[in-house]
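Overview (structure and organization)
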Amino acid sequence: MNDNKKYTDSGIEIKTVYTEPQTTNHKPQTELPGQFPFTRGVQPDMYRGKLWTMRQYAGFSTAEESNKRYHYLLSQGVSGLSVAFDLPTQIGYDSDHALAEGEVGKVGVAIDSIEDMQTLFKGIKLEEVSTSMTINATGFILLSLYVALAKQQGADLKKISGTIQNDILKEYAARGTYIYPPKPSMRIITDIFEWCSKDLPKWNTISISGYHIREAGSTAVQEIAFTLSNGKAYVKAALEKGLDINVFGKRLSFFFNSHNNLFEEVAKFRAARRMWAKMMKELGATDDKAMMLRFHTQTGGSTLTAQQPLNNISRVTIQTLAAVLGGTQSLHTNGYDEALSLPTEEAARIALRTQQIVAYESGAPDTADPLAGSYFIEALTDEVEQKAWELIGKIDAMGGSVSAIEEGFIQNEIARSAYEYQRNIETNEKIIVGVNKFQVNETDSTPVFKINDGIRVIQSEKLKQLRNNRSNAKVDQLLQVINDKAVSGENLMPAVIEAVENKCTLGEIADELRGVFGEYKSK
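Summarised in this report is the structure supplied together with it. (Residues numbered from 1 in each chain as written. Predicted model: local features only at pLDDT ≥ 70, side-chain atom pairs only at ≥ 80, totals over all residues. Heavy atoms only, no water.)

**A look at the overall build of the protein chain**
Check the secondary structure of the protein chain and you find 20 helices and eleven strands. What you see for the protein chain is a C-alpha radius of gyration of 23 Å, in line with the 24 Å of a compact globule of 523 residues. Across its three principal axes, the protein chain shows a C-alpha extent of roughly 75 × 60 × 45 Å. Relative to its 523 residues, the protein chain shows a buried fraction of 58%. The contacts of the protein chain with a sequence gap of at least 6 include a subset with a gap of at least 24, amounting to 78%. (Helix = DSSP H or I, 4+ residues; strand = E, 2+ residues; numbered from the N terminus. Rg over C-alpha atoms; globule rule 2.2 N^0.38 Å. Buried < 20%, exposed > 50% of the residue type's maximum accessible area, 1.4 Å probe, protein only. Contact = heavy atoms within 4.5 Å.)

And the structure:
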């Protein structure tokens, strides 16, 4: 690229100065927050009415250990929990399965049964906390466990709030923790939409995730284009099932990344809202709330450096500000040490304090959409939107996201961007402070969080006791019911809830459906 020119990471050229409105598509001066197409935010007063939900993503080791961290975070002022699950839980294996060896409790908490769920939320009333669970292929099982626990606590299911990620399309495209092929996976997701609309009305049934697409190396433009295309595919699948877009549309939520280019990130969030509103209107939504793009943000994990890790506090601060200026509904801030290990308690506290300082000291939340009307921001919002629509047009021409993933288009686009970004770092066209410029000789002094290697033994013993203290005949009967409903096309949720209440394990339920649906093999 020409040395005299500046570009965002999405390749949008930045002018030296912006002296007049560039926009031709809309009149920003006449748009208000809380009004279609929601460019300026989904609430008229945004954070003056209520601050964003401050979440801290946490989960590791056993349910007992994670429960201690949740109580600590609640004592420090988080307003919502965000649960990380280990890889065996994410891909439907109990902790004592041969393929779980070496992974139990490592990147999240191990959850095998209702007993683990009881321990995970011990001393926490589910009616009083909003819980986000980053879980996809087994999202329906974890939601069933959460519902079963809420019922045991005597909670009113109409008051239970939270989110399951439940976004399988981005797993095929960017992350890899899928189990079943796309069609049965989409069927499970629409079962969740249908069941929750009647029985768990405050629950966000999907968090359509751009986060992992960005972590895999996409640009900001690709992040929203691919995410909104996936969202469109879920909406079409629900419509085909006969669900009402004005009902299930209100419970769709999104999950975006926040990177270091402050202005491009703010423009990305604004453009995404506007695009989703237009998309939902075209798909038949007439209720404003069904057209609103509500989203959770997490600061960029891939932006964190192992070199000079304390610099990551500054990066996370910029990313936090971008999310708030962009109008996020909830936010998780990463610990400065997460390029080295799971966050220590101190790093998690600093990450939370970063949100609190922006909330209470920066002035950023005092007015809705504070950067609106900036010549630069409005022009950048338009350009991000235009480039994203171009990508969506290509995906639509292939038949939508499922076809584009099956053809490898989305994966190849992400891989190309990731390669280009890394090449720019290695040629010093892109400066990463402390990595390819301003390096220092470092000693490895940052304290890291260590996970006990004996977790699998602990979980396996719990599973042995569980299986000895339940009616295995009842378990077999309930697994057969799940099998029958999977074959007949009936909604799976009631059968899965009953199964977990009777101590069927996550792995047993996932395996029963493997027998019906098969497993997806990446081409």
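**Concerning the sheet that holds strand E5 (residues 130–134)**
Strand order across the open sheet formed by nine strands is E7-E6-E5-E4-E3-E11-E10-E9-E8, with parallel pairing between neighbours. Two strands close off the open sheet at either side, each with one partner strand: strand E7 (203–204) and strand E8 (206–209). Across the sheet, helix H4 (residues 139–152) lies against E5, strand E6 (162–164) and E7, angled at about 155° from E5, the strand it touches most. Sheet strands touched by helix H13 (residues 345–361): strand E3 (53–58) and strand E11 (330–332). Its angle to E3, the strand with the most contacts, is close to 165°. (Pairing = 2+ DSSP bridges. Axes fitted to C-alpha atoms, helices over the stretch in contact; angles between N-to-C directions.)

**A short note on the packing of helix H6 (residues 182–199) against helix H19 (residues 493–501)**
Taken N-terminus to C-terminus, the directions of H6 and H19 make an angle of 85°; their axes are 9 Å apart at the nearest point. Regarding the angle of H6 to H19, the classification is roughly perpendicular. Along the contact surface, H6 presents Asp191, Ile192 and Trp195, while H19 presents Met493, Pro494 and Ile497. Counted by class, the contact of H6 with H19 contains five nonpolar, no polar and one charged residues. (Parallel < 35°, antiparallel > 145°, perpendicular 65-115°, else oblique. Nonpolar A, V, L, I, M, F, W, Y, C, P; charged D, E, K, R; others polar.)

**Here we look at the environment of Ser362**
As for its position among the elements, Ser362 is in the loop between H13 and helix H14 (375–397). Spatially, the C-alpha atom of Ser362 lies 9.1 Å from that of Leu321, the residues being 41 residues apart in sequence. A polar contact is formed between the side chain of Ser362 and the backbone oxygen of Val358, at a distance of 2.6 Å. There is a polar contact of 3.0 Å between the side chain of Ser362 and the backbone nitrogen of Ala364. (Polar contact = N/O pair within 3.5 Å; in protein donor to acceptor, adjacent residues only side chain to side chain.)

**Here we look at the nonpolar core**
Met117, Phe121, Met133, Phe140 and Ile509 are the most contacted members of the largest nonpolar core, which totals 140 residues. No other element matches the eleven residues that helix H10 (residues 262–282) contributes to this core. Excluding its chain neighbours within four sequence positions, the residues that come into contact with Phe140 are Tyr180, Ile188, Ile192, Met493, Val496, Ile509 and Leu513. Judged by nonpolar contacts, the second largest core, of six residues, contains Phe60, Ala110, Ile451 and Ile455. (Core = buried A, V, L, I, M, F, W, Y, C linked by side-chain atoms within 4.5 Å.)

**Points about the pairing of strand E4 (residues 80–84)**
The buried fraction of E4 amounts to five of the five residues, a majority that puts the element mostly inside the structure. In E4, alternate side chains face the same way, and those of Gly80, Ser82 and Ala84 on one face and Leu81 and Val83 on the other are all buried. Sheet analysis places E3 next to E4, joined by four bridges and oriented parallel. Across the sheet, residue Ala58 finds its bridge partner in E4, namely Val83. The pairing of E4 with E5 spans five bridges and is parallel. Counted as the bridge partner of Ala84 is Thr134 from E5.

**As for unusual backbone geometry**
A cis amide bond links Phe36 to the next residue, Pro37, at an omega of 5°. Positive phi is not limited to glycine here, since Asn166 has a value of about 55°. Within the secondary structure, Asn166 sits in the loop between E6 and helix H5 (169–175). For Asn166, a relative accessible area of 2% translates into the label buried.

By themselves, these figures tell us nothing about what the structure is for.
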